[in-house]
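One letter stands for each residue in the lines below.
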There are 2 protein chains.
Amino acid sequence: MTQMDFDLSNGIAVLERTPATLRAMLFDLPSKWIDATEGPDTWSPYDIIGHLIHGERTDWIPRARIILAQGSERRFTPFNRVAMFEQSKGKSLGDLLDEFQELRTENLRILNEWEIKDEQLGLEGEHPELGTVTLRQLLATWVGHDLGHIAQTARVMAKQYREAVGPWRAYLPVMDRG
Amino acid sequence: MTQMDFDLSNGIAVLERTPATLRAMLFDLPSKWIDATEGPDTWSPYDIIGHLIHGERTDWIPRARIILAQGSERRFTPFNRVAMFEQSKGKSLGDLLDEFQELRTENLRILNEWEIKDEQLGLEGEHPELGTVTLRQLLATWVGHDLGHIAQTARVMAKQYREAVGPWRAYLPVMDRG
């Protein structure tokens, strides 16, 4: 398959669409869909939005800032993948969708303001588990992470009808995907 | 995992959101994303919208009509999964998104107009390959098919950055999913 090089404007084109995509998919849906999971220790659409919010607060832009600063400490703070189980408490899905949209808009404003040059994309930081990574890889991962969670959201919902579709299950690989 | 029984209003809640979801994800994106695939003989986001359009025209509502009529011939016409390679020719992605939205709106209008009763959901038709299927299974499949293609669209796009994300690939299962 063809592979795309990371390109700031192409990457941003995806990042800026994610909040509206998830809003179109989820807002005002019956709670059966919003709270559905793939089984124990898996995430619902509601959990996923909370996880994306935590990423906006603590992952992408803070790590990009560390890389761009090129200070003596370039090691990222570990990202808490499950912080949303505490932080989403008491919030409606609508609240979370609003919060995600606001944070994303603000983060893309910061990203644009930095006017990152092509050579800066090669600057490095230190991931606590993965080791040396570049700003280019970090930003590409932000995009891929969004898309992965959009796919996950649709998959979690689809699987609720795994039995209901009867023999059509054989034609719907999404029903049995891990 | 919990399984949801098919329920007409819950199913329609998803079906009515799909055109706006795909529009939010894809409209006006750079063509690199729209035309990206997972390799030879796989579909791009552009192809997927064309495939969904063909389903609106020839699959879901026509088959539901056959089942509801309970005539002597209850066998469905085979669905052409790849008709879009001809039928989308010359159309922009924006054209396709509009067409999908219009067809879906009209099909849901028809579905609502039928005022399907719970006992009718058990009526049967004959799938050319799968054999006996019920109206309930057909309508649940319509929903699952939408969600499967939303997941596929996000996955196809994500995979374009499989190399660009560098070592983060290990954390992004979407990059290597079949």
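> Quick rundown of the overall build of chain A? Include the residues and the values.
The helix and strand inventory of chain A stands at eight helices and two strands. Each principal axis of the C-alpha atoms in chain A carries an extent, and together these give about 55 × 45 × 30 Å. Every one of the 178 residues in chain A was classed for burial, and the buried ones make up 56%. Summarising the internal contacts of chain A: among those between residues at least 6 apart in sequence, 70% fall at separations of at least 24. Summed over its atoms, the accessible surface of chain A is roughly 7,700 Å², and 48% of this surface lies on carbon and sulfur atoms. Where the 20 positive side-chain charges of chain A centre and where its 27 negative ones centre are 3 Å apart.

> Give me the lowdown on the pairing of strand E2 (residues 131–134) of chain B, citing residues and values where you can.
All names here are of chain B. With four bridges connecting them, strand E1 (residues 124–127) and E2 associate as antiparallel partners. Across the sheet, the residue bridging to Gly-125 is Val-133, located in E2. Hairpin geometry of E1 and E2 is characterised by an intervening segment of three residues between the two adjacent antiparallel strands.

> Outline the pattern of salt bridges, listing residues and values.
When the charged atoms of two side chains with opposite charge come close together, those side chains can pair. Residue and element names in this part refer to chain B. Across all of its chains, the model carries 29 salt bridges over all chains by this definition. Arg-57 is the salt-bridge partner of Glu-99, the closest N and O atoms lying 2.5 Å from each other. Here Glu-99 is found in helix H7 (residues 93–114), whereas its partner Arg-57 is found in helix H4 (residues 45–58), with 42 residues between them in sequence. Sharing partners across several salt bridges, the network here consists of Arg-162, Glu-163, Arg-169 and Asp-176.

> So what's going on with the packing of aromatic side chains? Which residues, and what values?
Under the criterion given, the structure shown has six aromatic pairs over all chains. Centre to centre, the rings of A:Trp60 and A:Trp142 are 6.2 Å apart; their planes meet at 10 degrees, and the pair counts as stacked. Note that A:Trp60 is positioned in helix H5 (residues 60–69) and A:Trp142 in helix H8 (residues 135–159), a separation of 82 residues in sequence. Neither A:Trp60 nor A:Trp142 differs from the other in exposure class; each is buried. The rings of A:Phe6, B:Trp33 and B:Tyr161 are connected pair by pair, giving a single aromatic cluster. Here the guanidinium or amino end of A:Arg23 rests over the ring plane of A:Phe27, the centre of that ring lying 5.9 Å away.

> Kindly report on the side chain of A:His149, identifying the contributing residues and their values.
Residues and elements named next belong to chain A. Tracing the sequence through the fold places His-149 in helix H8. Of note is the side chain of His-149, whose polar atom sits 2.6 Å from the side chain of Gln-152. Other than its neighbours up to four places away in sequence, His-149 contacts Trp-43, Ile-48, His-51 and Leu-52.

> An account of the relation of the copies chain A and chain B is needed here, citing residue identities and associated values.
When chain A is fitted onto chain B, the two copies agree to an RMSD of 0.0 Å after a turn of 180 degrees and an axial shift of 0.0 Å. Put plainly, the chains are arranged around a two-fold axis. In terms of C-alpha distance to the rotation axis, chain A has A:Ala151 as its closest residue, with the C-alpha 2.0 Å off the axis. In this assembly the copies share their binding face: 100% of the residues contributing to the interface of chain A also contribute to that of chain B.

> Run through the interface of chain A and chain B, naming residues and quoting values.
Between chain A and chain B, the residue contacts involve 65 residues of the former and 65 residues of the latter. In total, about 5,400 Å² of surface goes out of reach between chain A and chain B, with carbon and sulfur atoms giving 67% of it. Remark: the boundary between chain A and chain B carries zero salt bridges. The interface formed by chain A and chain B holds 18 residue pairs in polar contact (both at pLDDT 80 or more) in total. When contributions to the side of chain A that touches chain B are tallied by element, the ones reaching two or more residues are helix H1 (8–15), helix H2 (18–26), helix H3 (31–34), strand E2 (131–134) and H8 of chain A. When the residues that make up the side of chain A that touches chain B are grouped by side-chain class, the tally is 33 nonpolar, 18 polar and 14 charged.

Here is what the cut-offs are and how they apply
Residues numbered from 1 in each chain as written. Chains lettered and ligands numbered in written order. Predicted model: local features only at pLDDT ≥ 70, side-chain atom pairs only at ≥ 80, totals over all residues. Heavy atoms only, no water. Helix = DSSP H or I, 4+ residues; strand = E, 2+ residues; numbered from the N terminus. Buried < 20%, exposed > 50% of the residue type's maximum accessible area, 1.4 Å probe, protein only. Contact = heavy atoms within 4.5 Å. Areas by Shrake-Rupley, 256 points an atom, 1.4 Å probe, with all protein chains shown as cover. Lys, Arg positive; Asp, Glu negative; His and termini not counted. Charge placed at Lys NZ, Arg CZ, Asp CG, Glu CD. Pairing = 2+ DSSP bridges. Salt bridge = Lys/Arg side-chain N within 4 Å of Asp/Glu carboxyl O. Phe/Tyr/Trp six-rings, centres within 6.5 Å; stacked < 30°, edge-to-face > 60°. Lys NZ or Arg CZ within 6 Å of the ring centre and 35° of its normal. Polar contact = N/O pair within 3.5 Å; in protein donor to acceptor, adjacent residues only side chain to side chain. Least-squares fit on C-alpha atoms with pLDDT ≥ 70 in both. Buried area = accessible area lost by both parts, 1.4 Å probe. Nonpolar A, V, L, I, M, F, W, Y, C, P; charged D, E, K, R; others polar.

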